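Now for the letters of each chain:
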Amino acid sequence: MLTTHDFTNDVRDEIAAFKRDFNLAAATDLLYTTPNDGERVGFTDVVIEGGGVKGIAALGALFALEECGLRFRKIAGTSAGALNAAFLACAGRSAADHRTSQLLRVLANIDFLRFADGGDDAQAVVRLLTLPNNDSALETFMNRAKTTVAMLRNLNEVIVRLGLNPGGRLKGFLCSEFEKLNRGEEFTVGSLRRKWRRDAIMIDGEYLEQDFQVVATNISQRRKVVFPLDLEDYVRDANSILVADLVRASASIPMFFSPFRLGDFSTSPENIKAPLSTCFVDGFIVSNFPLSIFDVSDFARPPQCPTFGLTIEDDSPQADNQELDNLVKIGLAIFQTASQHGDKGYIHSNPQNAARIVHISNRIHRAGKEHFVSAIDFNLSDDEKIQLFHNGVRAALDKLATWNFHDYIKHYRR
């Protein structure tokens, strides 16, 4: 089992050297001195893109930002980004606490195949889909044939459940781990809000405004939903809703997981005011990188801290021309096209966005050759996970090396 030390040992000196010349006051206007140890920290908002197992790279970026003195005020994400965001929101007591080390101990050791709870055939499909590319035409043909056979064996389950896997193991894992981080209590929307009030931070006479949001897709009404913001449309008491339900809704990858219905939420039927059959699927269909989620009108006062967006990019030469050789890959490509059209359109039409995005590479080395990690690369070795984490660390340091919040405000908001 990997430890926090395994991930951070080789980059601590690099971070320490960078931090010696890093000016925290130039990165954000929200600065705070912790009462216990007198540590000077600054706050930023963060939006985490979905990306399956590539989310380990986002953890590297979060770790580097935190080691440089930055903490996270408002947190959002989609799909795997929602999972990272929820763990970040749950960890620690105060917003000024170090939190990413707690996330590493849990998330870096996940066996993603354990969430394939649709039976042996469902796990066989996942394993076949994640086999590395092979130069042998015969082996490629055989793997495709095996994938097709395994998918056909699962056809009845897909038709009945609308997905290979019910998703119960994922929700159970989330509930269990959130409860551990939340001092043995269920992690609900209400408990998160109570934590914010109980351990509130005051800066310049004002309480720090915290937030946590995840994006899902309501396919019953064909609309984007942001939880917990939109919970009032579906339930009477939003505070009683488990955060695990919100993440499960956001991370309901079509075909891999069954849709998450409103009736599946862990709450009483009396608390639900929308149809129980309302279906939620993965938020990446409508917005995999919701960078604008915390943005306010240009007519409002300038923000007090930046919103950094963490995106894990595909640096492979075939990124713009992927071979689509089975139904699952075609389906994912369709959904990715739909989600990226909106997000990329917003980013490209607003030039200030490029300045606040942390671009993380998915390039690692496997057996002496370049390998480009995909969202469903469930068979990563421990060394490969560490490489991906280091990509995130260095991407964050590269961003901070040229970042100046006051220049950003002057150029784009005044």
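Scroll up for the structure.
Residues numbered from 1 in each chain as written. Predicted model: local features only at pLDDT ≥ 70, side-chain atom pairs only at ≥ 80, totals over all residues. Heavy atoms only, no water.

(A) Just the side chain of Glu67, in detail. Along the polypeptide, Glu67 turns up in helix H3 (residues 55-67). Within polar-contact distance, the side chain of Glu67 engages the side chain of Arg12 at 3.4 Å. (Helix = DSSP H or I, 4+ residues; strand = E, 2+ residues; numbered from the N terminus. Polar contact = N/O pair within 3.5 Å; in protein donor to acceptor, adjacent residues only side chain to side chain.)

(B) Broad picture of unusual backbone geometry. Look at the link from Phe227 to Pro228: it is a cis peptide, with omega at 5°. Relative to the assigned elements, Pro228 resides in the loop between strand S8 (223-227) and helix H11 (243-250). In this structure, Arg183 is a non-glycine residue whose phi angle is positive, near 55°. Looking at where Arg183 falls in the secondary structure, it is placed in the loop between helix H9 (168-181) and helix H10 (189-198). One non-glycine residue, Ala367, adopts positive backbone phi at about 55°. With respect to the secondary-structure elements, Ala367 resides in the loop between strand S14 (363-366) and strand S15 (369-372).

(C) Main features of the nonpolar core. Formed by 96 residues in total, the largest nonpolar core has its most connected members in Phe87, Leu174, Phe178, Phe212, Phe227 and Leu231. Of all the elements, H3 adds the most residues to this core, at nine residues. With residues near it in sequence (within four places) discarded, Phe178 still touches Ala86, Phe87, Cys90, Phe187, Val243 and Ala244. (Core = buried A, V, L, I, M, F, W, Y, C linked by side-chain atoms within 4.5 Å. Buried < 20%, exposed > 50% of the residue type's maximum accessible area, 1.4 Å probe, protein only. Contact = heavy atoms within 4.5 Å.)

(D) Geometry of the packing of aromatic side chains. With the rule as written, the count across this model stands at 16 aromatic pairs. Ring geometry for Phe87 against Phe178: centres 4.7 Å apart, planes inclined by 55°, an arrangement best described as tilted. Highlighted residues: Phe87 in helix H4 (residues 80-90) and Phe178 in helix H9, separated in sequence by 91 residues. Looking at Phe178, the relative accessible area reads 1%, which means it is buried. Of the aromatic side chains, those joined through ring pairs into one cluster are Phe227, Tyr234, Phe260, Phe265 and Phe280. (Phe/Tyr/Trp six-rings, centres within 6.5 Å; stacked < 30°, edge-to-face > 60°.)

(E) Summary view of the pattern of salt bridges. In this structure the tally under the stated criterion is 14 salt bridges. In this structure, the salt-bridge partner of Asp199 is Arg198, at a minimum N-O distance of 3.6 Å. One salt bridge connects Asp295 with Arg356, and the closest N-O pair in it is separated by 2.8 Å. Here the residue Asp295 occupies a position in the loop between strand S11 (279-282) and strand S12 (307-313), and Arg356 occupies one in the loop between helix H12 (327-349) and strand S13 (357-361), the gap between them amounting to 61 residues. The exposure class of Asp295 is partly exposed, given its relative accessible area of 30%. Three or more residues are tied together by salt bridges with common partners; here these are Arg223, Asp230 and Asp233. (Salt bridge = Lys/Arg side-chain N within 4 Å of Asp/Glu carboxyl O.)

Nothing here speaks to function; it is all geometry.
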